[in-house]
Amino acid sequence: QVQLVESGGGLVQPGGSLRLSCAASGSIFSINVMGWYRQAPGNQRELVAAITSGGSTNYVDSVKGRFTISRDNAKNTVYLQMSSLKPEDTAVYYCNAGIVTPPNYGLLEIWGQGTLVTVSS
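Residues numbered from 1 in each chain as written. Predicted model: local features only at pLDDT ≥ 70, side-chain atom pairs only at ≥ 80, totals over all residues. Heavy atoms only, no water.

## Here we look at the sheet that holds strand 7 (residues 67–72)
Worth spelling out the cut-off: At least two DSSP bridges between two strands are needed for those strands to be called paired. A helix here means a DSSP run of H or I that spans at least four residues, while a strand means a run of E at least two residues long, and both kinds are numbered starting from the N terminus. To get an axis, a line is fitted to the C-alpha atoms, and for a helix only the part in contact is used. The angle between two axes follows their N-to-C directions and goes from 0 to 180 degrees.
Sheet architecture is open: four strands sit in the order 1-3-8-7, paired in antiparallel fashion. Each of the sheet's edge strands pairs with one partner strand only, and the pair in question is strand 1 (3–7) and strand 7. Each strand of the sheet is rotated relative to its neighbour by a mean of 15°, with strand direction disregarded. In this sheet, strand 3 (residues 18–25) lies alongside strand 1 in antiparallel orientation, the contact comprising five bridges. Each bridged residue has a counterpart across the sheet, and for Leu4 the counterpart in strand 3 is Ala24.

## Some thoughts on unusual backbone geometry
Note the cis peptide between Pro102 and Pro103, where omega equals 5°. Take Pro103: it is sitting in the loop between strand 9 (91–101) and strand 10 (106–111). A positive phi angle is found at Ser84, which is not glycine, with a value near 50°. With respect to the helices, strands and loops of the structure, Ser84 is situated in the loop between strand 8 (77–82) and strand 9.

## What about the pairing of strand 4 (residues 30–39)?
On a regular strand, one side chain projects to one face of the sheet and the next to the other, so that they alternate. Where strand 4 lies against strand 9, eight bridges are found, and the strand directions are antiparallel. Within the sheet, the bridge partner assigned to Met34 lies in strand 9 and is Ala97.

## Structural notes on the pattern of salt bridges
Going by this rule: Whenever Lys or Arg places a side-chain nitrogen within 4 Å of a carboxyl oxygen from Asp or Glu, that contact is recorded as a salt bridge. Relative accessible area decides the class of each residue, using a 1.4 Å probe on protein chains only: under 20% of the type maximum gives buried, over 50% gives exposed, and in between gives partly exposed.
By the definition in use, this model includes four salt bridges. Here Glu46 makes a salt bridge to Arg38, at a shortest N to O gap of 2.7 Å. Classification of Glu46 by relative accessible area gives partly exposed; the value is 30%. Asp89 is the salt-bridge partner of Arg38, the closest N and O atoms lying 3.0 Å from each other. With Arg38 in strand 4 and Asp89 in the loop between strand 8 and strand 9, the pair connects residues that are 51 residues apart, well separated along the chain. Take Arg38 and Asp89: they sit in the same class, and that class is buried. A cluster of three or more residues bridged by salt bridges with shared partners is formed by Arg38, Glu46, Arg66 and Asp89.

## What to know about the environment of Leu4
Using the following cut-off: Contacts are assigned to residue pairs that have any heavy atoms within 4.5 Å of one another.
When you line up the elements, Leu4 lands in strand 1. Residue class for Leu4 comes out buried when judged on its relative accessible area of 4%. Considered as a pair, Leu4 and Cys95 are 91 residues apart in the sequence and their alpha carbons are 7.1 Å apart. Those residues in contact with Leu4 that sit more than four places away from it in its chain are Cys22, Ala23, Ala24, Cys95, Asn96, Ala97, Ile99, Ile110, Trp111, Gly112 and Gln113.

And the structure:
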């Protein structure tokens, strides 16, 4: 069984920083794209940032220049460094990954349980 476990959420003041981590565990052959999504109350879940196994990244316009996504392939872990946080960044942040698993080497889309980020003074 493959799972994603997130950590690093919490309460931060506007202008502050947080770092989210998401580690994949279980029977893993390889991991393709890893990403972070967020969902605020009353809103649809949106892609915040994604990174390929080769390190190519993309971001939603609202976080460009403030958030940085990275990954450690040896640790099957993806990170989201968030800086200059704004109240509108408040949401539950979810990790997502496309994981190839043995024995059939099919591609599974796995979601983490979510971690709450609250930006407030």
